[in-house]
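Here's the letter readout for the chains.
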Amino acid sequence: MGRSTLEGRFRVIDVSPDEVAEVVRELFEDGCYYATGMGVDERPLNGRFAVYHAINCPKRGVYVILRLTAPENRPSVPSITPVLRGAEWAEREAHDMVGVTFENHPNLERLILPEDWPDGVYPLRKDFPYNRKMAGTEGTAGVRGERHDEATMSVPLGPYHPLLHEPEYFELYVREDRIVGADYRGFHVHRGMEKLAESRMTLNQIPFLAERICGICGCTHSAAYCQAVEEAAGVEVPERALYIRSLMLEVERIHSHLLWFGVACHLLGFDSGFMHFWRAREYVMDIAELITGNRKTYGINLVGGVRRDLSGEKIQKTLKLLELAEGESREVIDNVVGMKELIARMEGVGVLRRKDAREIGVVGPVARASGIDTDVRRDHPYAAYGDLDFKVPVYRGCDVLSRFLVRVDETFESFSLVRQILENLPDGEIINEEYSLPYMEFGLGSTEAPRGEDVHMVLTGGENQVYRWHPRAPTYNNLPAVPLMLEGEDVADAPIIIASIDPCFSCTDHVSIVDAGSGRVLWRGPLLEGVERLRR
Amino acid sequence: MGRIKLMGLAVSIGKVTERYPFAPVEVPDDYRGKPVIDPGICTGCGACASACPPQAIQVKEEGEFRVVHLFLGRCIFCGRCQDVCPEGAIRLTTEFELATPNHDDLHQFVRLRMVRCVRCGRPFDTYRHLVRSLREVPFIEGERLLLCPECRAKAPLDWLEGGGDGNEG
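Not measured: the values here are computed from a predicted model.

Sorry, what's going on with the sheet that holds strand β8 (residues 169-175) of chain A here?
Picture the strands of a sheet paired through backbone hydrogen bonds; they go either parallel or antiparallel. Residues and elements named next belong to chain A. One open sheet accounts for 3 strands, arranged β7-β8-β9; its pairing is antiparallel. Only two strands of the sheet have a single partner each, and these edge strands are β7 (153-157) and β9 (178-185). Neighbouring strand axes in the sheet, compared pairwise and without regard to direction, differ in orientation by 25 degrees on average.

Here it is as structure tokens:
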């Protein structure tokens, strides 16, 4: 039996409403950022509602969980958004889903529930049955888009994502082809996965639901969920299982980044680059199929370990495929980086300043391209990362090019990581199924997904179930930064700017939509199509 | 310069698109394809149904029969059924071409005759599962297995001397 790598990953602190703002401010000044937050209906236990704010302190290698509670008859806590704007969405989500009010929140509008959802009905409260269907009400029109004058046009970019056929809606405010402002409206496909998991699924069924949050980086979600439960229940995971987890997470990162390079080339009008990247990526898909039995949705993680072992023969085959994938990727990337016309389209475009990036709490390659040195694999080692050597690339250009280059460096770090794992794979068991599930124990699991930090919070429910499960995909933290990146740019650059965060809109909505396997999900066409002049 | 080199690369590599569906595509032996239940082995215990994340496998009782119903339209090909099946009766195959104009092709039904409770007469377990259970419990407790769970709970102690608390079988 191995060890738990997750020791001391987080600390839950009960804070009083009076001191929370001060605590948050101090944490932010200490270099921490807002990771995620969830509302919990704890009335069956103590008659109160609770809000858990998870704050990532990379320097100290710990997540600080600030827990606020409010009585049933007055479910209201102070908002921390005025102090730390990264909390804005999480607080709005808790307001929508659990019905907790955040005092002094600057914009406590609906975020997730549709406009015609009836007032005063909160789907994540425990007295709301998971299978209840609501009749829509008349609803209120969306309150957004205030920045108009005679000279400004509103360009809708949606309701489908121009690259990935994912539902989203950007409204660009444009003056003479230059973007002067942008708004985002998402959550069109929120499907209530949390409710489903809490009501109807058992502990070891949820990894498969979690994996379907994303069609590109699903393994990272099932790993984060399993880690959260393992943490809550104190499960020792065998070392070999931890290595296999890391292996699949890195395979996933390589295929995800190669996919993104292809999409980026396509958006920049370089379709043969797109095909070259996806050709190289095919070897990585073969590795996944060989090891897990499928190209995507690896289905490898369970609480306590992994489901499939790796034979010596498979290791040899994997190493051969890896060599092909790395060689081909290197050749294509070197040539693409040498193309001045592509670089010119990315350099200085879509700037996200470091200060804004910090306040919003962006994660992953987006943060690392804005000079923020953060990586969950290094700062909060999980799976086998504590034993492995890798560099965390950081660029300071704050633009699309930096995001591109961060991913280039990361891809080759991942090739090296896969090799290290295969060479040092420890012997032993691959799963520990001897554990018991405590009641109402908190657990947090986080992973560095290809798109950035992925956080899952769990409250165990005993009886082989979870009481509360809150997954947070990296795009949730990165999306609020996109309107800032768009300001002042050409309309023609909007698609590559939006794409530069490698967005997963549906993951943010907690549902799976992306089709990673198909090459025909890409959009091409005049952006101005559908342009509509505001009548005002 | 990169552009020209990549063009040369494309020419030297040639066509990479596979001939599929005009030529077969190979998958590994342990590929997670269509699950198939061996009706000659399945005991109808329902372990697969309780593990199945999307509830693609459901176990129902229809009169004298217990029916294990696998619906591929809901299946996510995770293979948890195969993991938990104590008999090795359900396996994932390498078959992945499941598109069909006939809805019936997506269903597999395994019908297993049930045994009646010796006391109340209600069908309560499949013959096959009962035989399997009888093999695994001591003979004296085995007799108790002929009772349905309700009658077993109510059974007078003299039915089973020294049987202790009931084995659920």
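Whenever I open this one, the sheet that holds strand β5 (residues 107-116) of chain B confuses me. Can you help?
Residues and elements named next belong to chain B. Within the open sheet, the 4 strands sit side by side as β2-β3-β5-β6. Their pairing is antiparallel. Because the sheet does not close on itself, it has two edges, and the strands there are β2 (57-62) and β6 (123-126). The sheet shows a mean angle of 35 degrees between the axes of neighbouring strands, taken without regard to direction.

Honestly, the pattern of salt bridges in this entry has me stumped. Any pointers?
Once their charged atoms are close, side chains differing in charge can pair, the charge on each being opposite to the other. For the coordinates displayed, the defined rule picks out 51 salt bridges over all chains. Of the charged contacts in the structure, one is a salt bridge between aspartate 490 of chain A and arginine 178 of chain A, with a shortest N-O distance of 3.1 Å. Here aspartate 490 of chain A is found in the loop between α16 (482-486) and α17 (494-499), whereas its partner arginine 178 of chain A is found in strand β9, with 312 residues between them in sequence. Relative accessible area serves as the criterion here: at 30%, aspartate 490 of chain A is assigned to the partly exposed category. With a relative accessible area of 41%, arginine 178 of chain A lands in the partly exposed category. Here arginine 111 of chain B ties to glutamate 62 of chain B by a salt bridge, and the two come within 3.4 Å at their closest N and O atoms. Here the residue arginine 111 of chain B occupies a position in strand β5, and glutamate 62 of chain B occupies one in strand β2, the gap between them amounting to 49 residues.

I keep staring at the domain arrangement of chain A and nothing clicks. Help me out?
Many authors give the size of an interface as the accessible area that is lost as the parts come together. Residues and elements named next belong to chain A. Parsing chain A into structural domains produces domain 1 (1-129) and domain 2 (193-469). The centre of domain 1, based on its C-alpha atoms, is set 26 Å off from the matching centre of domain 2. For the domain 1 and domain 2 pair, buried surface summed over both sides reaches about 3600 Å², with 56% attributable to carbon and sulfur atoms. Our count for the contact surface shared by domain 1 and domain 2 stands at 3 salt bridges. For aspartate 356, the salt bridge is made with arginine 85, and the minimal N-O distance between the two is 2.7 Å. Applying the counting rule to domain 1 against domain 2 returns 20 residue pairs in polar contact (both at pLDDT 80 or more). Those elements that place two or more of their residues in the side of domain 1 that touches domain 2 are β1 (10-14), β2 (33-41), α2 (43-46), β3 (48-57) and β4 (62-71).

So what exactly am I meant to see when it comes to the pairing of β3 of chain A here?
If a strand is regular, its side chains alternate between the two faces of the sheet. Residue and element names in this part refer to chain A. Most of β3 sits inside the fold, with 9 of its 10 residues counted as buried. One ladder, built from 8 bridges, connects β2 with β3; its direction is antiparallel. Looking at β3, one finds that tyrosine 33 is bridged to asparagine 56. Sheet analysis places β3 next to β4, joined by 10 bridges and oriented antiparallel.

Can you help me understand the packing of helix α7 (residues 239-267) of chain A against helix α8 (residues 271-292) of chain A in this one?
Residue and element names in this part refer to chain A. Where α7 contacts α8, the two axes come as close as 8 Å, and the packing angle between them is 160 degrees. Comparing the axis directions of α7 and α8 gives the class roughly antiparallel. Between α7 and α8 lies a crossing of left-handed hand. Considered class by class, the residues forming the contact of α7 with α8 number 18 nonpolar, 5 polar and 2 charged.

How should the interface of chain B and chain A be read in this particular structure?
The interface is formed by 27 residues belonging to chain B together with 30 residues belonging to chain A. For the pairing of chain B and chain A, the buried interface totals around 2200 Å² over both sides, and the portion due to carbon and sulfur atoms is 48%. Broken down residue by residue, the surface that chain B buries against chain A is led by Arg3, Leu6 and Arg32 of chain B, which jointly contribute 29%. Inspection of the region where chain B meets chain A yields 4 salt bridges.

Rules used in this analysis
Residues numbered from 1 in each chain as written. Chains lettered and ligands numbered in written order. Predicted model: local features only at pLDDT ≥ 70, side-chain atom pairs only at ≥ 80, totals over all residues. Heavy atoms only, no water. Pairing = 2+ DSSP bridges. Helix = DSSP H or I, 4+ residues; strand = E, 2+ residues; numbered from the N terminus. Axes fitted to C-alpha atoms, helices over the stretch in contact; angles between N-to-C directions. Salt bridge = Lys/Arg side-chain N within 4 Å of Asp/Glu carboxyl O. Buried < 20%, exposed > 50% of the residue type's maximum accessible area, 1.4 Å probe, protein only. Domains from an automatic or database assignment. Buried area = accessible area lost by both parts, 1.4 Å probe. Polar contact = N/O pair within 3.5 Å; in protein donor to acceptor, adjacent residues only side chain to side chain. Parallel < 35°, antiparallel > 145°, perpendicular 65-115°, else oblique. Left-handed = near helix turned anticlockwise from the far one by under 90°. Nonpolar A, V, L, I, M, F, W, Y, C, P; charged D, E, K, R; others polar. Contact = heavy atoms within 4.5 Å.

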